[in-house]
Amino acid sequence: MRKIGTVGEMKTAADEIRGCGRTIGFVPTMGYLHEGHLSLVKESRRSAQTTVVSIFVNPLQFGPREDFTRYPRDPGRDETLLEKAGIDILFCPGDLDMYPEGFRTTVEVAGLQDKLCGRSRPGHFKGVATVVLKLFNIVRPDYAFFGQKDAQQAIILKRMAEDLNLDTKIEVLPTIRERDGLAISSRNTYLSPEERRSATVLFKSLEKARRIFGEGERAAGPIRKQVLRMIGNESLARVDYVEIINTRTFEAVDRIEGDVLVAIAVFFGSTRLIDNIILEGKRE
Ligand code: AMP
């Protein structure tokens, strides 16, 4: 595994790889790696001849009162995991290399960026879209791998790739979960033991939605109500949103026809966790 710390060196390395006719798979991350990240790495290694993983805690996607400075970091452990996973290049650029003085240009995916998580995290998806486009321009990957856990992020990035005619093919892979169903996330480390126990309500409430849907319910209202009720019964949980929406527009749906996203965000103390499932309703 080669470790690269500057944008310039990464661009040269990517040029060389492409010059040899090899394909590049890319997994952008903020580090503090877990099984979710490693599932993306595995798929990249299967699909592409060279795998590049980036670790960059992107200041642009954190709000002024968010957890940028206390976001968990463990570069030594990350490096060992990636070496073991057999990647080719680990790219860890510095903040000033990515955002030098005078930096002014950003990418916005109008409409989609302001809904769901965008409501409580203004500017977040502008930061995500901007850094991902920059990373794509630096690494110029054939494929890039993202997790379904961050469904809104994945949909926004696919929209950006299509709208801006990017050459990179975006692949979205299933959410990896703990044994009790909680989606694995670097932010789970913020939870107290009581909050961690409580947090299983995210997956349980989504399972309940799936069950009700499986029993034939197609109206979104009653399903949403059941999810809200279940989370409401958990004293440590505070709902940010529970939405049943069209996967392309993020508009709330009345009836579940075609692919519909059930997306939830819930606070446990000051930690905000997200999860989602897709329900596949047949169109009449
Ligand atoms: P992050 O380091 O949180 O920015 O995540 C980097 C990538 O890993 C993103 O594409 C996430 O969607 C993905 N990811 C994070 N957690 C999971 C998970 N539990 N299962 C699958 N993918 C995940």
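Scroll up to find the structure this text is about.
Residues numbered from 1 in each chain as written. Predicted model: local features only at pLDDT ≥ 70, side-chain atom pairs only at ≥ 80, totals over all residues. Heavy atoms only, no water.

Caption draft 1: Fine view of the overall build of the protein chain. Looking only at helices and strands, the protein chain features 10 helices and 9 strands. For a compact globule of 284 residues, the expected C-alpha radius of gyration is about 19 Å, and the protein chain comes in at 19 Å, within 12% of that figure. Judged by the C-alpha coordinates and their principal axes, the protein chain covers about 55 × 45 × 40 Å. Residues counted as buried form 50% of the 284 residues belonging to the protein chain. Partitioning the intrachain contacts of the protein chain with sequence separation of at least 6 by distance along the chain shows that 74% fall at a separation of at least 24. Counting only carbon and sulfur atoms, one obtains 47% of the accessible surface of the protein chain, whose full area is about 14,100 Å². Counting 43 positive and 40 negative side-chain charges, the protein chain places the centres of these two groups 3 Å from one another. (Helix = DSSP H or I, 4+ residues; strand = E, 2+ residues; numbered from the N terminus. Rg over C-alpha atoms; globule rule 2.2 N^0.38 Å. Buried < 20%, exposed > 50% of the residue type's maximum accessible area, 1.4 Å probe, protein only. Contact = heavy atoms within 4.5 Å. Areas by Shrake-Rupley, 256 points an atom, 1.4 Å probe, with all protein chains shown as cover. Lys, Arg positive; Asp, Glu negative; His and termini not counted. Charge placed at Lys NZ, Arg CZ, Asp CG, Glu CD.)

Caption draft 2: Here's a closer look at the sheet that holds strand β8 (residues 258-268). Judged by pairing direction, the sheet is antiparallel, and its 3 strands sit side by side in the order β7-β8-β9 without closing on themselves. The open sheet is flanked by β7 (237-246) and β9 (271-281), the only strands paired with a single partner. Recorded for the sheet is a direction-independent mean angle of 15° between the axes of neighbouring strands. Note that β8 and β9 share 11 bridges and pair antiparallel. For valine 262, the partnering residue across the bridge sits in β9 and is isoleucine 277. (Pairing = 2+ DSSP bridges. Axes fitted to C-alpha atoms, helices over the stretch in contact; angles between N-to-C directions.)

Caption draft 3: Region of interest: the sheet that holds strand β4 (residues 89-91). Strand order in the open sheet formed by 6 strands is β1-β4-β3-β2-β5-β6, with parallel pairing between adjacent strands. The outermost strands of the open sheet, each flanked by one partner alone, are β1 (2-4) and β6 (169-173). Sheet twist, expressed as the mean angle between neighbouring strand axes with direction ignored, is 25°. In the sheet, strand β5 (residues 143-147) pairs with β6 via 5 bridges, with the strands oriented parallel. By the bridge assignment, phenylalanine 145 is partnered in β6 with glutamate 171. Contacts between helix α7 (residues 151-163) and the sheet are confined to β5 and β6, with β6 contributing the most and set at about 165° to the helix.

On their own, these measurements won't tell you what the molecule is for.
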